[in-house]
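# Survey of secondary and tertiary structure
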Amino acid sequence: MEKIIISYIPVSGLIAWLDMGVNTKLMPERLNKVFRLIVIFTIGIGLSSVSNASAESQRSREYLIKAAFLYNFAKFVEWPAEAFKDGLDTLYLGVLGVDPFGDALDSIKDKTVKGKKLVIKRFTKIDDLEKCHILFISASERGNLRNILQSLNNSSVLTVSEMEKFAQLGGIINLITIENNIHFEINPDAAERAKLKISSHLLKLAKIVTSGSQRE
Amino acid sequence: MRGLNQKVLKSFTSCLPYIRMASCILLVASLMMIDRVGAGEPPRNLPPDLTKLSIEELMKIEVATVYGASKYEQKVIEAPSSVSVITADEIKKYGYRTLAEILRNARGFFVTYDRNYSYAGVRGFGRPGDYNTRILILVDGHRINDNIYDQALIGTEFPIDVDLINRVEIIRGPSSSLYGTSAFLAVINIITRSGQDLKDFKGVEASAEVASFETYKGRLSFGNQFKSGLEILLSGSYFKSHGKHHLYYGEFDAPATNFGIADNLDGDKFYNFLSKLSFHDFTLEGVFHSREKEIPTASFGTIFNDPRARTIDDRGYLDLKYDHTFSNQFNVIARLYYDNYYYNGDYPFDYPPITLFRDFAWGQWWGWELKITKTLFERHKLVIGGEFQDHFQQDQKNYDKDPYLLYLDDKRDSTVWALYLQDEFEIFKNLILNAGIRYDRYSTFGRSTNPRLALIYSPFEKTTFKLLYGTAFRAPNVYEFYYQGGGNKSNPDLKPERIQTHELVWEQYIGKHLRGTASVYHYKIKDLISQQTDPMDGLLVYNNVGKIEASGLELELEGKWVNGLKGRISYAIQQTKNKETGETLTNSPKHLAKFNLIAPVIKEKFFVGIEEQFTSKRKTLAGREADSFFVTNLTLFSQNFLKGLEISGSVYNLFNKKYSDLGSEEHVQDLILQDGRNYRVKITYRF
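Residues numbered from 1 in each chain as written. Chains lettered and ligands numbered in written order. Predicted model: local features only at pLDDT ≥ 70, side-chain atom pairs only at ≥ 80, totals over all residues.

### Some points on the overall build of chain A
- The number of helices and strands found in chain A is six helices and 10 strands.
- A burial count over chain A gives 42% of its 216 residues as buried.
- Here the analysis covers contacts within chain A between residues at least 6 apart in sequence; of these, 61% occur between residues at least 24 apart. (Helix = DSSP H or I, 4+ residues; strand = E, 2+ residues; numbered from the N terminus. Buried ≥ 20, exposed ≤ 12 C-beta atoms within 10 Å, placed from the backbone. Contact = placed C-beta atoms within 7 Å.)

### Here we look at the overall build of chain B
- Along its length, chain B carries eight helices and 37 strands.
- A buried classification covers 46% of the 687 residues belonging to chain B.
- In chain B, the proportion of contacts linking residues at least 24 apart, taken out of those at least 6 apart, comes to 62%.

### Observations concerning the nonpolar core
- One finds Leu103 and Ile135 of chain B to be the most contacted residues of the largest nonpolar core, which totals 97 residues.
- Not counting chain neighbours up to four residues away, the residues in contact with Leu103 of chain B comprise Phe109, Val111, Ala120 and Ile154 of chain B. (Core = buried A, V, L, I, M, F, W, Y, C linked by C-beta atoms within 7 Å.)

### Remarks on the pairing of strand E27 (residues 540-560) of chain B
Residue and element names in this part refer to chain B.
- Where strand E26 (residues 514-533) lies against E27, 19 bridges are found, and the strand directions are antiparallel. Paired with Tyr521 across the bridge in E27 is Gly552.
- In this structure, the hairpin formed by E27 and strand E28 (residues 566-578) is closed by a connection of five residues, where Gly564 is found at a positive phi of approximately 105°. (Pairing = 2+ DSSP bridges.)

### Focus: the sheet that holds strand E6 (residues 135-139) of chain B
Residue and element names in this part refer to chain B.
- The five strands lie next to each other as E3-E8-E9-E6-E7, forming an open sheet whose pairing is mixed. Each edge of the sheet is formed by a strand with only one pairing partner; in this case those strands are strand E3 (83-87) and strand E7 (142-143).
- Pairing between E6 and E7: two bridges, direction antiparallel. Within E7, the position partnered with Val139 by the bridge is His142.

### What about the sheet that holds strand E4 (residues 116-123) of chain A?
Residue and element names in this part refer to chain A.
- Across the sheet, eight strands lie side by side as E3-E4-E2-E5-E6-E7-E8-E10; this open sheet has mixed pairing. A strand with exactly one partner marks an edge of an open sheet, and here the two such strands are strand E3 (112-113) and strand E10 (207-208).
- Note: strand E2 (residues 90-96) against strand E5 (residues 134-137), four bridges, orientation parallel. Among the inter-strand pairings, Leu96 is bridged to a residue of E5, identified as Ile137.

### Thoughts on the environment of Phe445 of chain B
All names here are of chain B.
- Relative to the helices and strands, Phe445 is located in the loop between strand E22 (431-442) and strand E23 (446-460).
- Expressed as a C-alpha distance, the spacing of Phe445 and Pro492, which sit 47 residues apart in the sequence, is 8.5 Å.
- With residues near it in sequence (within four places) discarded, Phe445 still touches Ala475, Pro476, Leu494, Lys495 and Pro496.

### A word on the pairing of strand E8 (residues 181-186) of chain A
Residue and element names in this part refer to chain A.
- Burial of E8 is one-sided: the residues Ile182, Phe184 and Ile186 facing one way are buried, the residues Asn181, His183 and Glu185 facing the other way are not.
- Note: strand E7 (residues 173-178) against E8, six bridges, orientation antiparallel. Looking across to E8, one finds that Ile178 is bridged to Asn181.
- Sheet topology places E8 next to E10; two bridges connect them, and they run parallel. For Ile186, the partnering residue across the bridge sits in E10 and is Ile208.

### Describing helix H4 (residues 145-152) of chain A
All names here are of chain A.
- All of the buried residues in H4 are Leu145, Ile148, Leu149 and Leu152. The arc that holds the buried residues of H4, viewed along the axis, is 90°, so those residues lie on one side. More than 90 degrees from the buried face of H4, the exposed residues found are Arg146, Asn147, Gln150 and Ser151.
- Those residues of H4 that are buried lie in contact with E2, E5 and strand E6 (158-161). (Arc of directions from axis to C-beta.)

### Overview of the confidence of the model for chain B
All names here are of chain B.
- Chain-level pLDDT for chain B is 87 on average; 90% of the residues reach the 70-or-more range.
- The low-confidence segment residues 1-44, where pLDDT is below 50, has 56 contacts with residues more than four positions distant or belonging to other chains.
- Scoring the predicted complex yields pTM 0.74 and, for the interface, ipTM 0.70. (pLDDT = per-residue confidence, 0-100.)

### Looking at unusual backbone geometry
- Tyr351 of chain B connects to Pro352 of chain B through a cis peptide bond whose omega is 5°.
- With respect to the secondary-structure elements, Pro352 of chain B resides in the loop between strand E18 (330-350) and strand E19 (354-376).
- The peptide bond linking Pro352 of chain B to Pro353 of chain B adopts the cis configuration, its omega dihedral lying at 5°.
- Looking at the element boundaries, Pro353 of chain B is found in the loop between E18 and E19.
- For Lys114 of chain A, which is not a glycine, the phi torsion comes out positive at approximately 50°.
- On the basis of neighbour counts, which here come to 11 C-beta atoms within 10 Å, the residue Lys114 of chain A falls in the exposed class.
- One non-glycine residue with positive phi stands out, namely Asn640 of chain B, at about 60°.
- Along the chain, Asn640 of chain B falls in the loop between strand E33 (629-639) and strand E34 (645-652).

### Digging into the environment of Lys682 of chain B
Residues and elements named next belong to chain B.
- Its location among the elements puts Lys682 in strand E37 (residues 678-686).
- Lys682 sits in the buried class, given 22 other C-beta atoms within 10 Å.
- Between the C-alpha atom of Lys682 and that of Gly649, which follows or precedes it by 33 residues, the distance is 6.4 Å.
- Contacts of Lys682, omitting those with residues within four sequence positions, involve Ser207, Glu209 and Ser648.

Listed below in structure tokens is the structure:
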């Protein structure tokens, strides 16, 4: 209910603005009634259908695919034995920052990878970070990237993201879009520093990237 | 005010059966759909369990994105415009030689070539002789239209080698709310390849082409990404075409004018250079292109079959960009640039006496742009930008060489300030309101403010509706303001042209492989700048007198399959009218249909690309009708038979159809015959 009320504020503001044809430089001719009616009708229909359905947009399609990629990365990466010291049969997948996946991660939640159950955890700040095997760093954390990678410093965490130059800056896997398809870049040096073994199958499909600036 | 409303309402309802019908369909469709989608149902065109797919299969699934519609990367589905994207892959497999050929295949576009420049028309608007001033062309966000004629250069005069294009985004409709002048009918954003692209093959790529009419082109490119993070792309191309040896023009068929045959006057050549350096957040791009074309048509009343007739266009720029994203989803892009443009046209006249008329234009400008993008309250993506341009040289000059007679020596300068704002408001996960506005201030004519509104609604994952409204303007250019001499006079009181567009778009993903688009639009142009003859002194002058109204419907179906099979079919119908005369516009085809298909013959190694274009009749300047025509192009493309080698063979106008484009005011010819069947072989090798 509140959604409908909240959305009518910008909508009525929009209509009021459209009505404001006084300044002729802003709008040479008054926007006519029929067009406005169409706009109101469309919004009305949209609102009523939205309250019933959980319709998914193109964005969630992309993240369903990326979630499947994360599941596959878990399949083709080997962690050192001590990474599972505390919980032999659980693989933790963390999301750091603003979560772009929405419901998409539910599609891989609780699935089993190589005998281990996939458990999803979400963190808003680097300080809250608990033990993870895979850490998806959201694009919202772009400004903090150096700090994040430094604090992870060679611990056996598979860092994955979807921001430009992530792999060059020391991340391990970066999801990129090339001509409408999702591909990924892998920085093998970063993987080695994290003591992770990436299957040759995955490496073959990836775009190999070297670190942009060597900082030890 | 009420009277005005009644009038507007009446004209709207009488002229827009399309939009009303389409909105009714939209309402009914929405009503029917309300109860059908339940919460938590999986999306229909992705398989229910993606984790069962292999990585290879995941990598083949489609997610379409575009940059230019909102000045940031966004999904085509969410862009506040009807967008088409043409990729580097398609450029290779369809054998496109120029940007003009790329546009010829886009839904709703038509291109005219008069043996000097190529002109693009869209949405039924493409007046003969208009220098593409109403289409904005950007390369990596940098404006290509010059500051004298505002010309969008699209043929061999386009400053970037087509091989260096990563993708072309065609953003239809008015976009002055983001880009200012020239974004009147469409914006074409060209994104170049990156140095990293070439790195896989140790960085050097060489290409050679041989084609009909003694045409040769060579290109050498070097790209790399160094350990330091520096990415570099350097490329140079050279093109030379002798052109048709003999071109016949019936209008000149007389003994004194070589019986209408222009001999060896279709020569075209260019050379260009591109360099792109990027280091962390900085990118420096430099381009220089010089093109010379011989003119065989004796345009502007020049002497027929005189080898001195030619035009030279040089275009160059340097663009430094800084792009940084801070924490809290705050992004800043700052740009500093310098541009120059040089034009020289040599026209031999027999007044009498026989002399050479030399026409020149020099343009130089620099500018900066600052753009800030911030996501507020999770649902608002806000863009705020400011631009400044200092056109410190806008000179035009012309004279007769011998005996020397100076007609025009005009030196101007001007400035432009602009501020723009856009908000992408995600009202719900499937309802977006995109509102933008831009304020431009020109030292020449004053101000222009242009809004754009888009409502983007996705009732299902596969379906999107867009309701769009926007205005755009085109600033009068230095040529229209001040050009005089030789029968022309200036008009410094010109105002900008304005267009107002309403549009309804439906984008639908069908099954796993198809994407359909249907769009219906209506636009009104007023204050169109047209050349008229002043009855007082008989001189030609530009005035704001045109009023144009048009509506149209466009349909397109696109398909992409996993094995590399790709195709597109489109149909556009448009009706344009000159409100002053009540007549259809010249060079405005009522129907345009296009079909493209890329079929893999040997998986990933050998492809066949077929194109079929249909253009319906067009009214010429003389009031006649240019015939409708079909053109077929065929390209055979192979890659990696030998590692790093690409070879292609193309046949253009396969069935050797005789077809003509329209001549403009400067031509005696009403129709200009285009090339018959011609060929090209191209080899590209990566070291």
